[in-house]
Protein chains: 2
Amino acid sequence: MKIAVLGTGEVGQTIGSKLVGLGHEVKLGSRAAGNQKAAAWAKKAGAKASYGTFADAAKFGDLVFNCTLGAASVEALKAAGEANLGSKVLIDVSNPLDFSKGMPPSLLVCNTDSLAETIQRAFPKAKVVKALNTMANPVMVNPRSLPGTHHTFLAGNDAGAKETVRGILGQFGWTPEEVLDLGDLTAARGTEQWLPLWVRIMGATGSAMFNIRVVAAK
Amino acid sequence: MKIAVLGTGEVGQTIGSKLVGLGHEVKLGSRAAGNQKAAAWAKKAGAKASYGTFADAAKFGDLVFNCTLGAASVEALKAAGEANLGSKVLIDVSNPLDFSKGMPPSLLVCNTDSLAETIQRAFPKAKVVKALNTMANPVMVNPRSLPGTHHTFLAGNDAGAKETVRGILGQFGWTPEEVLDLGDLTAARGTEQWLPLWVRIMGATGSAMFNIRVVAAK
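Just so it is clear, the model here is predicted, and its values are computed rather than measured. (Residues numbered from 1 in each chain as written. Chains lettered and ligands numbered in written order. Predicted model: local features only at pLDDT ≥ 70, side-chain atom pairs only at ≥ 80, totals over all residues.)

K.L.:
Is there a simple way to explain the sheet that holds strand S3 (residues 49-53) of chain A in this structure?
P.N.:
Strands pair in a sheet through their backbones, by hydrogen bonds, and they do so in one of two ways: parallel or antiparallel. Residues and elements named next belong to chain A. Taking strand neighbours across the sheet as the criterion, the eight strands line up as S3-S2-S1-S4-S5-S8-S9-S10 in an open arrangement whose pairing is mixed. Looking at strand neighbours, the two that pair on one side only are S3 and strand S10 (179-181), the edges of this open sheet. Direction aside, neighbouring strands of the sheet carry axes that sit 25 degrees apart on average. By the bridge criterion, three bridges tie strand S8 (residues 127-131) to strand S9 (residues 152-156) in an arrangement that is antiparallel. (Pairing = 2+ DSSP bridges. Helix = DSSP H or I, 4+ residues; strand = E, 2+ residues; numbered from the N terminus. Axes fitted to C-alpha atoms, helices over the stretch in contact; angles between N-to-C directions.)

Written as C-alpha cells, this is what we have:
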C-alpha cells in the first residue's frame, strides 16, 4: 500500500519505518521539500521509503498518517492540501499538547471538542480515524514490547475507515481483542484527554514504555 | 476511626457501608438533616452508622470523604464548614461531570485546573487527596471484584495525608503495588480528565465494572 506519513518527528519516523518494514511504500512529508531529517530517514529506511512536502506525501498516499505536532496539525494538513487528502483514510495520531504554559503540558483543545474533530471539520471529506495517540511511539508499532494484553482505541465516523485502520494495527502486532472501537469521532475527546493522565503516570513511574489494559469483571 | 462521608448517592453509600464493615464509625452527611436516603442507609448499615447534615458529618469525622456530585461539591463543603473541615484529610472522590450538555458528560473544570484544586483553594487548611475517582464505586471498595492487578491513583500536596489514604485503600483491598502516587494535587487534572475516556470505554464495553492496569515494560 502507498502510505503518507506527515511529520518527521519520532512518531512519524517510527511509524514510517514500521510500515516500510511491513512492505508498504512510504513517503514522509514535511513542511520543506529538502528536510534533512526526512532525507536521513529515507536513506536509512530503504528503497520503499521516500520523502517530500506535506503535499507530495498526501498526493502519494492512499492512506495518510498525521504524525505532526498537535499544535501544527491543521496547518500541516492545509499544506498537504484538501484535494490531495480527498476522501482518504486519515489516521490521526497527534495530540493537542500545549507546552507553552510549562510542564507538564496542558491541552490546546479539550472537553467539548478534540483535535480530531477539528481536523474532520477542516477536511469534511477525509475519513478521520483517531488511533494510537494514547501511548509512546515504540509501543504503537510494537505492542509486544509490553507484557500481556493491553489496549488501543479507535474513534471515527466511517466504519470502513476504522476497518482499514484495524488492518494496519493488526500488521503492527495488535490482536483483535486489543483494539477497542469507542464509537464516533467525538470519542477522540476521551483518548486525547487521557494524555494528561498518561503524562502523570510517566512522571510517577519514570518511563514512557507503558500502556493500559482495560481489566473487566468476568 | 471516625469518618465523615459527604454525599448520600451510590458512591457515598458504598464507601460508607464498606467503612462501617471495616469497623469504622461513619456519619453520612447531606444537605438536609432528615435525608431519607441517609436514614435508610444508617438503619441498614448498623450501629456504627449515623447521619446528619454536611456540618454534622464534617464535625464528627477525623477524616472526610467528599462523595458529593462534582457540580455541587464546593457548595456542599461550604455547608460542611471550614471550621469543621479544619486541617483534616479530605479524600476527594468526586468528578466535575457536566450532564447539562447531554450525554456523554463533559467536564465543568479541566485542563489547567481541576475540581480537587478548586476545593483545595476554597479550603486551604484541609489536606485534600484526590483518590478513587477513576472507577465505578463497587470497584473502589472491592478491587478484587476484577481479575488480576489494576491500579488506583493518589494526588495531593501533603505526604502524610497520602499515607493515611494509602492505609484506607489498603483496608479496601488495594495492594501497595496497585496504588500509584502521581504527585501533587495538580495531578488530579489527569485523573479527572480520565473520566471522558472512562465513559467511552463504558459505552463501548457495556459495563462500568472495569478499571485499568498500567502495563509497563519489564
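That was the structure; now back to the text.
K.L.:
When you look at the relation of the copies chain B and chain A in this model, what are you seeing that I'm missing?
P.N.:
Both copies of the chain are tied together by a single rotation about an axis and a shift running along it. After a rotation of 180 degrees and a shift along the axis of 0.0 Å, chain B superposes on chain A with an RMSD of 0.0 Å. Here the copies are linked by what is in effect a two-fold axis. Interface overlap between copies is the fraction of interface residues in one copy that are interface residues in the other; for chain B against chain A it reaches 100%, indicating a shared surface. (Least-squares fit on C-alpha atoms with pLDDT ≥ 70 in both. Contact = placed C-beta atoms within 7 Å.)

K.L.:
Even after reading the chapter, I still don't get the sheet that holds strand S1 (residues 2-6) of chain B, so can you show me in this structure?
P.N.:
Residue and element names in this part refer to chain B. Taken together, the eight strands give an open sheet; going across it, the order is S3-S2-S1-S4-S5-S8-S9-S10, and neighbouring strands pair in mixed fashion. Only two strands of the sheet have a single partner each, and these edge strands are strand S3 (49-53) and strand S10 (179-181). Sheet twist, expressed as the average angle between the axes of neighbouring strands with direction ignored, equals 25 degrees. Across the sheet, helix H2 (residues 36-45) is in contact with strand S2 (25-30) and S3; its angle to S3 comes to roughly 165 degrees.

K.L.:
Please explain the nonpolar core as it appears in this structure.
P.N.:
Nonpolar side chains in soluble globular proteins generally cluster together in the buried interior. Formed by 128 residues in total, the largest nonpolar core has its most connected members in Val5(A), Leu6(A), Phe65(A), Val5(B), Leu6(B) and Phe65(B). Not counting residues up to four positions away in its chain, the partners in contact with Leu6(A) are Gly12(A), Gly29(A), Phe54(A), Ala57(A), Val64(A), Phe65(A), Asn66(A), Cys67(A), Thr68(A), Ala76(A) and Ala80(A). (Core = buried A, V, L, I, M, F, W, Y, C linked by C-beta atoms within 7 Å. Buried ≥ 20, exposed ≤ 12 C-beta atoms within 10 Å, placed from the backbone.)

K.L.:
I tried to follow the interface of chain B and chain A on my own but got confused; where do I start?
P.N.:
Interface size is commonly expressed as the accessible area that is lost once the parts come together. On the side of chain A, 40 residues touch chain B, which itself brings 40 residues to the contact. Breaking the side of chain B that touches chain A down by element, the ones donating at least two residues are strand S7 (106-107), S10, helix H9 (188-193), helix H10 (195-205) and strand S11 (210-216) of chain B. Take the side of chain B that touches chain A: its biggest share by element is eight residues, from H10(B). Relative to S11(B), strand S11 (residues 210-216) of chain A runs antiparallel, the two sharing seven bridges. What sits directly across from Asn211(A), in S11(B), is Val215(B).

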